[in-house]
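Chain by chain, the residues:
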Amino acid sequence: MDFSRRIDGYCERTGPEFWSEPINAISNIAFIVAAILCLMLALRARRLDGPVIWLDLVLFCIGIGSFLFHTFATVWAALMDTGPIMLFILSYFTVAMNRYAGLGWGRAVLLTIGFLGALVTAATMTRGAGPSILLPGPDTLYQTIGFWTAFMLAFGSLLIARAGLLPSFGVAIGFPLAAWIAGEIIAAFTGPGISGWESYFPAMLALLSVGGWLVLRGHPAGTSLIVVAAIFSVSLSFRTIDSVICTHFSIGTHFLWHILNAVVLGMLLMAVIRHGEAPQRA
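Residues numbered from 1 in each chain as written. Predicted model: local features only at pLDDT ≥ 70, side-chain atom pairs only at ≥ 80, totals over all residues. Heavy atoms only, no water.

(A) Focus on the overall build of the protein. Secondary structure assignment for the protein yields 11 helices and 0 strands. In sequence order, the protein lays out its α and β elements as α-α-α-α-α-α-α-α-α-α-α. Taken over 282 residues, the protein has a buried fraction of 49%. The long-range fraction of contacts in the protein, counting pairs at least 24 apart against all pairs at least 6 apart in sequence, stands at 68%. In the form shown here, the protein has an accessible surface area of approximately 13200 Å², with 71% of it arising from carbon and sulfur atoms. (Helix = DSSP H or I, 4+ residues; strand = E, 2+ residues; numbered from the N terminus. Buried < 20%, exposed > 50% of the residue type's maximum accessible area, 1.4 Å probe, protein only. Contact = heavy atoms within 4.5 Å. Areas by Shrake-Rupley, 256 points an atom, 1.4 Å probe, with all protein chains shown as cover.)

(B) The packing of aromatic side chains, seen in detail. Per the stated rule, a full pass over the model turns up 10 aromatic pairs. For the pair Phe 18 and Phe 72, a centre-to-centre distance of 5.2 Å together with 90 degrees between the ring planes defines the contact as edge-to-face. With Phe 18 in the segment before helix H1 (22-26) and Phe 72 in helix H3 (residues 50-72), this residue pair connects regions lying 54 residues apart in the sequence. On the basis of relative accessible area, Phe 72 is assigned to the partly exposed category, the value being 32%. (Phe/Tyr/Trp six-rings, centres within 6.5 Å; stacked < 30°, edge-to-face > 60°.)

(C) Summary view of the side chain of Ser 209. For Ser 209, the position within the fold is in helix H9 (residues 201-217). For Ser 209, a relative accessible area of 12% translates into the label buried. Within the structure, Ser 209 has its side chain in polar contact with the backbone oxygen of Ala 206 (distance 3.3 Å). (Polar contact = N/O pair within 3.5 Å; in protein donor to acceptor, adjacent residues only side chain to side chain.)

(D) Structural detail: the packing of helix H2 (residues 29-45) against H3. Between H2 and H3, the shortest axis-to-axis distance is 7 Å and the interhelical angle comes to 165 degrees. One way to sum up the angle between H2 and H3 is to call them roughly antiparallel. Viewed along their axes, H2 and H3 form a crossing whose handedness is left-handed. Contacts between H2 and H3 involve Phe 31, Ile 32, Ala 34, Ala 35, Cys 38, Leu 39 and Ala 42 from the former and Val 52, Asp 56, Leu 59, Phe 60, Ile 62, Gly 63 and Ile 64 from the latter. Counted by class, the contact of H2 with H3 contains 12 nonpolar, 1 polar and 1 charged residues. (Axes fitted to C-alpha atoms, helices over the stretch in contact; angles between N-to-C directions. Parallel < 35°, antiparallel > 145°, perpendicular 65-115°, else oblique. Left-handed = near helix turned anticlockwise from the far one by under 90°. Nonpolar A, V, L, I, M, F, W, Y, C, P; charged D, E, K, R; others polar.)

(E) Quick look at H9. With 17 residues, H9 should reach 24 Å at 1.5 Å per residue; the first-to-last C-alpha distance of 24 Å fits that figure. Burial runs high along H9: 13 of the 17 residues are buried. (Expected span 1.5 Å × (residues − 1).)

(F) Molecular detail of the pattern of salt bridges. Applying the stated rule across the entire model yields 2 salt bridges. A salt bridge links Arg 13 to Glu 21, with the nearest nitrogen and oxygen atoms 2.6 Å apart. Grouping residues by exposure puts Arg 13 and Glu 21 together as buried. (Salt bridge = Lys/Arg side-chain N within 4 Å of Asp/Glu carboxyl O.)

(G) Main features of the environment of Leu 214. Along the chain, the position of Leu 214 falls in helix H9. Taking relative accessible area as the criterion, Leu 214 reaches 0% and is therefore assigned buried. When neighbours within four sequence positions are excluded, Leu 214 is seen to be in contact with Tyr 100, His 219, Ala 221, Gly 222 and Leu 225.

(H) Examining the nonpolar core more closely. The biggest cluster of nonpolar side chains holds 50 residues, and the ones touching the most others in it are Phe 88, Tyr 92, Tyr 100 and Leu 268. Sorting the residues of this core by element identifies H2, H3, helix H4 (75-99), helix H5 (105-124), H9, helix H10 (221-240) and helix H11 (254-275) as the ones contributing at least two each. Leaving out residues up to four positions away in the same chain, Leu 268 has contacts with Phe 88, Tyr 92, Tyr 100, Leu 207, Leu 225 and Val 228. (Core = buried A, V, L, I, M, F, W, Y, C linked by side-chain atoms within 4.5 Å.)

(I) Here's a closer look at H10. For H10, which comprises 20 residues, the first-to-last C-alpha distance of 28 Å matches the rise-based estimate of 28 Å (1.5 Å per residue) to within 8%. Buried within H10 are the following residues: Ala 221, Gly 222, Leu 225, Val 228, Ala 229, Phe 232, Ser 235, Leu 236 and Thr 240. Buried positions in H10, seen along its axis, are confined to an arc of 135 degrees and lie on one side of it. (Arc of directions from axis to C-beta.)

(J) The arrangement of unusual backbone geometry in detail. Located in the positive-phi region is Arg 46, a residue other than glycine, with phi close to 55 degrees. Classification of Arg 46 as exposed rests on a relative accessible area of 78%. You will see that Ala 73, though not glycine, has its phi angle at about 55 degrees, which is positive. Examined against the element boundaries, Ala 73 turns out to sit in the loop between H3 and H4. Residue classification places Ala 73 among the buried residues on the basis of a relative accessible area of 2%.

(K) Main features of the environment of Ser 250. Relative to the helices and strands, Ser 250 resides in the loop between H10 and H11. A C-alpha to C-alpha distance of 9.9 Å links Ser 250 and Thr 14, two positions 236 residues apart in sequence. In this structure Ser 250 touches Cys 11 and Glu 12, once residues within four positions along its chain are discounted.

Spelled out as structure tokens, the structure:
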């Protein structure tokens, strides 16, 4: 792999110069601000424990990595951009299973492995890409998402049942099913110029399903996750239309993805600080 290869994937970029994407680059300060605000909240609430420190550090690194990508615009910078984002998603899912669902760290990590499978599959499978390695017949994105949705629900239900929480979790299955239907509708109307939502669909599904489950349990973090999912849907919309809006809006909309995503990740971390007490016994 040529790590120095240039990447031109955003509406604002007009050349190879360092500041060819000034707004996309500078807007990453939103992640830094979010990390600082979360740190201040954790200190004030005296909830600065290991998981909070780790998530806050990764949030800070997301801003740095994304800045590097939108300035250097190379393969190595892209890895610096996507790496911290993936790390935050997986880390938060693990912490949520521990702090919200009451699972031990071992079970939380096992469930996160299933979630990682959904992320990787959604990121690598595209419609019309040839035969699926998971399902027979022509490969479609919603089939792949459906496969991993069923896997996560089955595996997650098994683990959470052992924690005595299956009744309320079972009712919450309706939330990911609703997200699955929404994804199928999006897939039906997505054109060749609009892309980028696929790899983040499992994260949206997780927010809806875990948030809905927590609401049913009366957990205060549930409402926060549902609100975050709504904001994330708007954020994702700005990300997906960046490449097709250039003729009408020359700087694109990717910078709005940065700002709203900083809000999303900051709110998620604040929910852990405010409502994520460490379980006495998983």
